[in-house]
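# Close look at the chain arrangement
One-letter residues, chain by chain:
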Amino acid sequence: MLSLGIDRMPSKLASSKMRNVISVKRRVTLLKFVGRPHWPKGPISVNLQINNKPVSFQLDTGAALPLITEKDFHTFFKSVLLQVSTKVLHAYSEHSVSVLGQCVVEVDDTGQQQRLPLLVVKGNGPPLMGRSWLEKIQLDWTSIFCVNPSEQLEQ
């Protein structure tokens, strides 16, 4: 057990109701992160089935919309119709991102199926899962941020 005894109060607290000694006893649980020893340094990936194909998206809460590069679009969805998009995107660094179009894809995450829009952009980078998809898909946050009690520590 961890015991904390506070027997001296600062002068400002001396006149308050806290003149008595405060004793706190508490059990401390150490938590061990499983699967992410360097978290939060690296990107967080979410594996989804998009049009029945596995695609790994980086979770990006700074992105309003989901996007995929032109190269990945042709790799995963070459038979999907690319529609015109009027969306204008700016990166965090404030430079413009060229939007080539958008498509509607079937997104499946552990049985949750949704038809959702996906932007296709020029450039390089991983597919990004933005906030608009997070509103529609309920992710299993316990599997993304897996924390298990590793041991009990008593002092």
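See above for the structure.
To start, this report covers the structure provided alongside it. Model, not experiment: these values are computed from the prediction.

As a volume, the largest pocket reaches approximately 380 Å³. Along the walls of the largest pocket sit 19 residues, with Ala63, Leu67, His90, Ala91 and Leu128 positioned nearest its centre. If you list the elements that add at least two residues to the lining of the largest pocket, you get strand S6 (67-69) and strand S7 (89-90). When grouped by side-chain class, the residues that make up the lining of the largest pocket number 11 nonpolar, 6 polar and 2 charged.

Time to look at unusual backbone geometry. Backbone geometry at Glu94 places phi at a positive 75°, although glycine is not the residue there. Positionally, Glu94 belongs in the loop between S7 and strand S8 (96-97). Look at Thr110: it is not a glycine, yet its phi comes out positive at around 45°. Structurally, the position occupied by Thr110 is in the loop between strand S9 (99-109) and strand S10 (112-121).

Thresholds applied
Residues numbered from 1 in each chain as written. Predicted model: local features only at pLDDT ≥ 70, side-chain atom pairs only at ≥ 80, totals over all residues. Heavy atoms only, no water. 1 Å grid on protein atoms, 1.4 Å probe; cavity = no way out; pocket = protein on both sides within 12 Å on 5 of 7 lines; lining within 4 Å. Points joined across faces, edges and corners; volume = space filled by probe spheres on them. Helix = DSSP H or I, 4+ residues; strand = E, 2+ residues; numbered from the N terminus. Nonpolar A, V, L, I, M, F, W, Y, C, P; charged D, E, K, R; others polar.

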